[in-house]
Every structure is written in structure tokens, then in C-alpha cells.
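# Examining the three-dimensional arrangement
The primary structure of each chain is shown beneath.
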Amino acid sequence: VAEDRTMRAWSISTAMENPVSKKGGTTALCFSPCGQLLVSGHGQGQLCIWHQNSVICSMQVSDCLVSSVAFMSEREFAVACLDNTVTTWRLEWTPPQTTAQVKQLSSYTVGSSVLFLHYCSMLLAACPNGSIIDLMDPTDVTLGWFGSGHIHAMQENDCKSLWVVADKDCTLEVGFIVSTFLFF
């Protein structure tokens, strides 16, 4: 991602830069679990799926900025947009194909925008007000966290847990989420 927030791909063998993305700047990135694919979200609601230095799928997912992308498995991923929606998608692609198809699986409406998405046996959405929502829970219960805090990062620990770094009242706090439990 360049300083002007555009996505650029380089070919090592030719040292030639591919055309710059004109999709409103790159606002979210996520590698697939195997590392072969990269999903990029953009400021004008565009989503691109990259394999090596080529876009294998490009689509409009919203009229608003894509704020976060998270893989749930090798072929499923979630996309959050500033219109308070999170959608999940299934990728249909078999290498060495040069194009891929995606199919929408589900859509969620969240009470506020989503800063981060993370999947660890549940799809979690971190919101600007410090709340963390389990989107796959039909009761849509907010996990207890900071209320008025600000979440800075969510980092996977293993397939069923993650670390959360946040601040509340100028104090840095670290939380640990395991399955459906939150520990401080």
C-alpha cells in the first residue's frame, strides 16, 4: 500500500509496476490462511481479491468505505463497511484459474461502524465505542469490554482465542478472548 493509500503490485521478474488501483484508496487488507490470496477493501466500497500480482475478482460490496476484512476459512471471509454492515462471502476459485467468483452467504447490521473483524470460532466485530460483538450469536449480545474505550488491535492467539489491545481513560488495557468468554 502506497503513501497515497493506493494498492500497488510489483512483479519481481520484470520489475514493472502494475497499474495503480483507483478505488478510493486501500482501507483494509487480509491474507488468506494459506497466504496465497490477499483481499483488499477500498474507500469507495470496492473489494479486490489478489493472487500473486493479479486481481482475480473485483466487486462492489457497498457504497461506503470497507473498514475491515477477515478470513473465516480458506474459502470464506467477512467484510465490514462504514454503513454498519458486515457480509460474509464464499470464494469459488481453483488455482491456476485467473478469475474467481464469490457468493454472499449472510449479512449482518451492526449498531455502529466496525473497526476490526476477527474470526476465531466466532465472528467478532470491534466497534469504535469499545464494544465487541459476536456476529454469529443469534441474540447479538455485546461481549463485556470497555464501553467508552477505544480498541487499537485484535491479534490471533490460536484458532479459538485472541488478544485485544485497547485504551480507556488513557490507560492501556489488554484483554484475552477465548471462544465466547472474555478475560481481563
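As shown above, the structure is provided for reference.
This is a predicted model, so every value here is computed, not measured.

## Comments concerning the overall build of the chain
Scanning the chain from N- to C-terminus turns up zero helices and 18 strands. Here the chain holds 184 residues, and the buried ones make up 43% of them. Taken as a whole, the chain presents about 9600 Å² of accessible surface, with 54% of it coming from carbon and sulfur.

## Topic: the nonpolar core
In this structure, Leu 47, Val 61, Val 69, Phe 77 and Val 79 are the most contacted members of the largest nonpolar core, which totals 20 residues. Put simply, the parts of the chain that give this core at least two residues each are β3 (26-31), β4 (37-42), β5 (46-51), β6 (54-60), β7 (66-71), β8 (76-81) and β9 (85-92). In this structure Val 69 touches Ala 28, Leu 29, Cys 30, Val 39, Gly 41, Leu 47, Phe 77 and Ala 78, once residues within four positions along its chain are discounted. Ala 70, Ala 80, Val 114 and Ala 125 belong to the second largest nonpolar core, which has 13 residues in total.

## As for the sheet that holds β4
Read across the open sheet, the four strands follow the order β3-β4-β5-β6; overall the sheet is antiparallel. Both outer strands of the open sheet, β3 and β6, are each paired with one neighbouring strand and no more. Strand after strand, the sheet turns through a mean of 20° between neighbouring axes, direction not considered. Relative to β5, β4 is paired through five bridges, and the arrangement is antiparallel. Paired with Leu 38 across the bridge in β5 is Trp 50.

## Overview of the pairing of β5
Across a regular strand the side chains alternate sides, sitting on one face of the sheet and then on the other. Where burial is concerned, most of β5 is hidden: six out of the six residues are buried. Neither face of β5 is open: one carries Gln 46, Cys 48 and Trp 50, the other Leu 47, Ile 49 and His 51, and all of them are buried. The pairing of β5 with β6 spans six bridges and is classified as antiparallel. Paired with Trp 50 across the two strands is Val 55, which belongs to β6.

The rules we used
- Residues numbered from 1 in each chain as written.
- Predicted model: local features only at pLDDT ≥ 70, side-chain atom pairs only at ≥ 80, totals over all residues.
- Heavy atoms only, no water.
- Helix = DSSP H or I, 4+ residues; strand = E, 2+ residues; numbered from the N terminus.
- Buried < 20%, exposed > 50% of the residue type's maximum accessible area, 1.4 Å probe, protein only.
- Areas by Shrake-Rupley, 256 points an atom, 1.4 Å probe, with all protein chains shown as cover.
- Core = buried A, V, L, I, M, F, W, Y, C linked by side-chain atoms within 4.5 Å.
- Contact = heavy atoms within 4.5 Å.
- Pairing = 2+ DSSP bridges.
- Axes fitted to C-alpha atoms, helices over the stretch in contact; angles between N-to-C directions.

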